[in-house]
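Structural overview
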Amino acid sequence: PVSLKQRMLAAEGEMNRAAELKNKAEADVAIAERDVAVAETERSQAKMEEDKIEANLRLAERGKDLNRIQAVKAQFSATNNARSSSEAKVQWLKSRRDHSRTVVQAAELRKTAAQRDYELEKARLVQDTGKRPSSGFSVAQFEQQATQAHREYDEAKAAADKQGTEASQLEQKYAQI
């Protein structure tokens with residue numbers, strides 16, 4: 001009867017949702033890795049520009065050309081701001097990437113928990129029908145496994161949520177620069 005299998009079907013649906021969440025998180029990791037690579041390139045360019053302007057400043061100082069020194073110092077200040085901004089961007093994007101990786105791990109644990117729930121519901125169904133697959137069969141074992149899997153998932157989700165908050169704070173810091 002379908003009524004006895006309702007909980008199994010719900011657990012199976014949760015496994016599917018967990019798999020979808022994992023796929024999305026893996027896509028987010030790939031996007032974040034690309035964004036980090038781009039930001040690191042921008043940071044390198046900003047650093048090279050800063051080095052070039054610093055060399056121009058030393059050259060202007062050796063020539064004691066005050067007009068040129070002032071112009072180069074203004075450029076140096078703007079370039080220094082660009083470098084600081086690119087540093088903050090890299091830091092934020094790395095944090096976002098790390099968060100996405102943690103979400104992938106949490107999604108894997110969510111799927112495991114859903115699988116344990118599915119197995120638990122199958123065991124309950126077997127028990128409700130009065131069948132015993134083996135002499136050592138115990139629904140309590142399945143309940144313990146499901147409880148442990150949910151505990152691990154809850155811990156991973158809490159870690160992911162914490163990293164998400166940290167990433168958001170770094171994003172705000174970057175946006176203020």
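Quick notes on the rules
Residues numbered from 1 in each chain as written. Predicted model: local features only at pLDDT ≥ 70, side-chain atom pairs only at ≥ 80, totals over all residues. Heavy atoms only, no water. Phe/Tyr/Trp six-rings, centres within 6.5 Å; stacked < 30°, edge-to-face > 60°. Helix = DSSP H or I, 4+ residues; strand = E, 2+ residues; numbered from the N terminus. Lys NZ or Arg CZ within 6 Å of the ring centre and 35° of its normal. Expected span 1.5 Å × (residues − 1). Buried < 20%, exposed > 50% of the residue type's maximum accessible area, 1.4 Å probe, protein only. Contact = heavy atoms within 4.5 Å. Polar contact = N/O pair within 3.5 Å; in protein donor to acceptor, adjacent residues only side chain to side chain. Salt bridge = Lys/Arg side-chain N within 4 Å of Asp/Glu carboxyl O.

**Details of the packing of aromatic side chains**
- Evaluation of the coordinates by the stated rule reveals 2 aromatic pairs.
- Seen in terms of ring centroids, tryptophan 92 and tyrosine 174 are 5.5 Å apart; in terms of plane orientation they differ by 15 degrees. Their pairing is stacked. Of this pair, tryptophan 92 sits in helix H2 (residues 66-128) while tyrosine 174 sits in helix H3 (residues 139-176), and the two are 82 residues apart along the sequence.
- Its end group placed over the ring of tryptophan 92, arginine 96 keeps NZ or CZ at 5.5 Å from the ring centre.

**Examining H3**
- Here H3 is 38 residues long and its end C-alpha atoms lie 55 Å apart, about the 56 Å a rise of 1.5 Å per residue gives.
- Within the span of H3, buried status applies to Val139, Ala146, Ala149, Tyr153, Ala156, Ala160, Gly164, Ala167 and Leu170.
- For H3, the secondary structure elements touched by its buried residues are H2.
- With a side-chain oxygen lying 3.2 Å from the backbone nitrogen of alanine 140, the N-terminal cap of H3 falls on serine 138.

**What about the pattern of salt bridges?**
- Under the criterion given, the structure shown has 22 salt bridges.
- As a salt-bridge pair, aspartate 51 and lysine 47 come within 3.0 Å of each other at their nearest N and O atoms. One end of the pair, aspartate 51, and the other, lysine 47, are both in helix H1 (residues 2-63), 4 residues apart, so they sit about a helical turn from each other.
- The class for aspartate 51 is partly exposed, based on a relative accessible area of 36%.
- Using a relative accessible area of 39% as the deciding quantity, one classes lysine 47 as partly exposed.
- With a shortest N-O distance of 3.0 Å, glutamate 121 and arginine 124 are connected by a salt bridge. Note that glutamate 121 and arginine 124 are positioned in helix H2 at a spacing of 3 residues, about one turn of the helix.

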